[in-house]
Amino acid sequence: LGSMKPVIVVHGGAGRIFKEREEGCRAGVVRAALRGYGVLKQGGSAVDAVEEAVRSMEDDPHFNAGCGSVLNEKGEVEMDAIIMDGKNLDSGAVSAVKCIANPIKLARLVMEKTKHMLLTDHGAHLFAQAMGIPEIPGEKLITERSRERWKKNLEPDSNPEEFQKDLGTVGAVAIDSEGNVACATSTGGLSNKLIGRVGDTACIGSGGYADNHSGATSTTGHGESIMKVVLARLILYHMEQGMSPGVAADTALDYMKTRVGGLGGVIVVSKAGEWAARFSTKQMSWATVKDDNLHYGIYAGEEHIKSVDEALASEREGL
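An unreviewed UniProt entry lists the protein chain under the name Isoaspartyl peptidase/L-asparaginase, with Chaetops frenatus given as the organism. Regarding the protein chain, the relevant UniProt record gives this comment under Sequence similarities (unreviewed entry): "Belongs to the Ntn-hydrolase family."

Here it is as structure tokens:
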């Protein structure tokens, strides 16, 4: 193994997390971070780790990605995902994909098996078939909660903007023992969005960016605002200018808020293995593992710390 201490950071989306969902969101990001860290501890790459962490959250109905994704105006799930390898700046993404459980897996296949970086809708569907990715009925991804929300948003006096506040994109960033960084981000997008809407998640530099020369970041929040400021790349730019991950994240989030009125959250790992989880929304579920310690929280200023062994033991009890 190389000399770098591996680090993983995950987020389960910035916005407003309703009281009755807090517990599930906390448990979900902790599980994802522990899984990703397990990959790193076994000598797995940063790319393997972020894919595993995001897959874990796609499979968790608490998050707006994979199963549990919000519905578009027609009542269907359309998902976006991206993955990026900081070693050579390779990236793969998919947008507006339907009827697959794990868009992040498909994004990785785009990165590794094609000369392209982004496949969309029908083309992504054909590629998934060619790669032998099982198709699942769209209904399998739809939770009672997503359908309820969709219906509410269809009411004539509804304000979908109100519901956009809990924007559960999921993401992960990591650095492995070789010093390579990676990011992964996955989402169901905005509730009641227009058919074919693609947000920041599938866009390189907005939904995520990874470069061994500076670090890796994954974003969450109001997609259109994130795209306007190319948030993920902006944070790394600030780090290249000498800012720490936390200051770089705050500076970029602050710029997005003042310049375009957008709120969001980010997770960052630097090439030196320093990390940050910052947000301008009310909440963002996040977790990180470094030096065999797990840190996690949801509210601003909230940070719980446990040893990984302790966390894994309570994971097993919880199963």
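From this point, things continue past the structure.
*Asks:* What am I meant to see in the environment of V94 here?
*Replies:* Inspection of the secondary structure puts V94 in strand β3 (residues 90-97). Residue classification places V94 among the buried positions, given a relative accessible area of 0%. V94 sits 22 residues away from H116 along the chain, and the two C-alpha atoms are 11 Å apart. Apart from the residues within four sequence positions on either side, V94 is in contact with M79, D80, A81, P103, L106, A107, V110, L118, L119, A124 and A202.

*Asks:* Just to check I follow, could you spell out the UniProt feature "binding site: substrate" (unreviewed entry) in the protein chain for this structure?
*Replies:* In this structure's numbering, the residues bearing the UniProt feature "binding site: substrate" (unreviewed entry) are R197, V198, G199, D200, T220, G221, H222 and G223. Within the fold, D200 resides in the loop between β7 (181-187) and β8 (208-211). When residues no more than four places from it in sequence are discounted, the contact partners of D200 are S206, G207, T219, G223, I226 and M227. Mapped onto the elements, G221 comes out in strand β9 (residues 215-221). With relative accessibility at 6%, the residue G221 sits in the buried group.

*Asks:* I keep staring at the pairing of strand β6 (residues 170-175) and nothing clicks. Help me out?
*Replies:* A regular strand places its side chains so that they alternate between the two faces of the sheet. Burial analysis of β6 places six of its six residues in the buried class, which makes it a mostly covered element. Going residue by residue along β6, you find V170, A172 and A174 tucked away on one face and G171, V173 and I175 tucked away on the opposite face as well. Summarising the sheet, strand β1 (residues 7-15) and β6 pair through five bridges and their orientation is antiparallel. Across the sheet, the residue bridging to I8 is A174, located in β6. Strand direction decides the pairing type here: β6 and β7, joined by six bridges, are antiparallel. Counted as the bridge partner of A172 is A184 from β7.

*Asks:* How do you make sense of the pattern of salt bridges when you look at a structure like this?
*Replies:* Side-chain pairing between opposite charges can occur once the charged atoms of the two side chains come close. If you walk through the whole model with that rule in mind, you get 18 salt bridges. The shortest N-O distance in the salt bridge between E315 and R31 comes to 3.8 Å. In this pair, E315 is assigned in helix α10 (residues 308-318) and R31 in helix α1 (residues 19-41), connecting sequence segments 284 residues apart. Across the pair E240 and R233 runs a salt bridge, and its minimum N-O distance is 3.2 Å. Using a relative accessible area of 37% as the deciding quantity, one classes E240 as partly exposed. Residue classification places R233 among the partly exposed positions, given a relative accessible area of 26%. Each of K19, E22, R26 and E302 takes part in salt bridges that share partners, so that together they form one network.

*Asks:* Can you help me understand the packing of α1 against helix α2 (residues 46-58) in this one?
*Replies:* The packing of two helices is summarised by the inter-axis angle and the distance between the axes. Viewed as axis vectors pointing N to C, α1 and α2 meet at an angle of 155 degrees, and their least axial separation amounts to 8 Å. Here α1 is positioned roughly antiparallel relative to α2, judged by the angle of their axes. The two elements α1 and α2 meet at a crossing, and its hand is right-handed. Counting all contacts with α1, which are made through G28, V29, R31, A32, R35, G36, V39 and L40, the residues of α2 involved are A46, D48, A49, E52, A53, R55, S56 and M57. Among the residues forming the contact of α1 with α2, the class breakdown is eight nonpolar, three polar and five charged.

*Asks:* Looking at this model, I keep getting lost on the packing of helix α3 (residues 103-113) against helix α4 (residues 121-130). Mind explaining?
*Replies:* Two elements in contact, α3 and α4, have axes whose closest approach is 11 Å; the angle formed by their N-to-C orientations is 80 degrees. Our classification of the angle between α3 and α4 gives roughly perpendicular. Listed contacts from α4 to L106, L109, V110 and K113 of α3 are A124, F127 and A128. Residues belonging to the contact of α3 with α4 are distributed by class as follows: six nonpolar, no polar and one charged.

*Asks:* What's the story with the sheet that holds strand β11 (residues 275-279) in this structure? I'm lost.
*Replies:* Where strands meet in a sheet, backbone hydrogen bonds hold them as pairs that are either parallel or antiparallel. Taken in spatial order, the four strands line up as β8-β9-β10-β11 in an open sheet, and their pairing is antiparallel. Looking along the sheet, the strands with just one partner apiece sit at the ends: β8 and β11. Taking the axes of each pair of neighbouring strands and ignoring which way they run, one obtains an average angle of 10 degrees across the sheet. Where strand β10 (residues 264-270) meets β11, five bridges bridge the pair, whose relative direction is antiparallel. Along β11, the bridge assignment pairs V269 with W275. Running at roughly 140 degrees to β9, helix α8 (residues 231-240) makes contact with β8, β9 and β10 of the sheet.

*Asks:* What is the right way to read helix α9 (residues 245-260) from this model?
*Replies:* Think of an α-helix as 3.6 residues a turn; residues three or four steps apart then line up on the same face. Between the first and last C-alpha of α9 there are 22 Å, a value that for 16 residues agrees with the 22 Å anticipated at 1.5 Å per step. The secondary structure elements touched by the buried residues of α9 are α7 (223-229), α8, β10 and β11. Downstream of α9 by a residue or two, G261 has a phi angle that is positive, lying close to 70 degrees.

*Asks:* Which parts of the structure should I look at to understand the nonpolar core?
*Replies:* General note: in soluble globular proteins, nonpolar side chains tend to be found buried as a group. One finds I8, V10, I83, L106, A287, V289 and L294 to be the most contacted residues of the largest nonpolar core, which totals 55 residues. In terms of residues, this core owes the most to one element, α1, which gives nine residues. Excluding its chain neighbours within four sequence positions, the residues that come into contact with V10 are V29, A32, A33, A53, M57, G171, A172, I267, S285, W286 and A287.

Calculation rules
- Residue indices follow the written sequence of each chain, beginning from 1 at its first position.
- With pLDDT at 70 or above as the cut-off, local features in this predicted model cover only qualifying residues; side-chain atom pairs require 80 or more to be listed or tallied, and sums for whole chains, interfaces and linings still use all residues.
- Only heavy atoms go into the side-chain values, all of them from the structure, while hydrogens and water stay out.
- UniProt positions are given in the numbering used here, feature names are shortened, and annotations may be inferred rather than shown by experiment.
- Think of it this way: any DSSP run of H or I at least four residues long counts as a helix, any run of E at least two long counts as a strand, and we number them from the N terminus.
- The buried label applies to any residue whose accessible area, calculated with a 1.4 Å probe on protein chains only, is under 20% of its type's maximum; exposed applies above 50%, and partly exposed to all values in between.
- Residue contacts are defined here by distance: any two heavy atoms, one from each residue, within 4.5 Å place the two residues in contact.
- At least two DSSP bridges between two strands are needed for those strands to be called paired.
- Take a side-chain nitrogen of Lys or Arg and a carboxyl oxygen of Asp or Glu: if they are within 4 Å of each other, that pair is a salt bridge.
- To obtain an axis, a line is fitted to C-alpha atoms, over the contacting stretch when the element is a helix, and the angle between two such axes runs from 0 to 180 degrees between their N-to-C directions.
- Any angle that is under 35 degrees is reported as roughly parallel, and any over 145 degrees as roughly antiparallel; angles of 65 to 115 degrees are reported as roughly perpendicular and all others as oblique.
- Should the near helix be turned anticlockwise from the far one by less than a right angle, the crossing is termed left-handed; should it be turned clockwise, right-handed.
- When residue character is reported, Ala, Val, Leu, Ile, Met, Phe, Trp, Tyr, Cys and Pro are called nonpolar, Asp, Glu, Lys and Arg charged, and the others, Gly included, polar.
- Helix span, expected: 1.5 Å multiplied by one less than the number of residues in the helix.
- The nonpolar core is taken to be a set of buried Ala, Val, Leu, Ile, Met, Phe, Trp, Tyr and Cys residues, with the residues joined through side-chain atoms within 4.5 Å.

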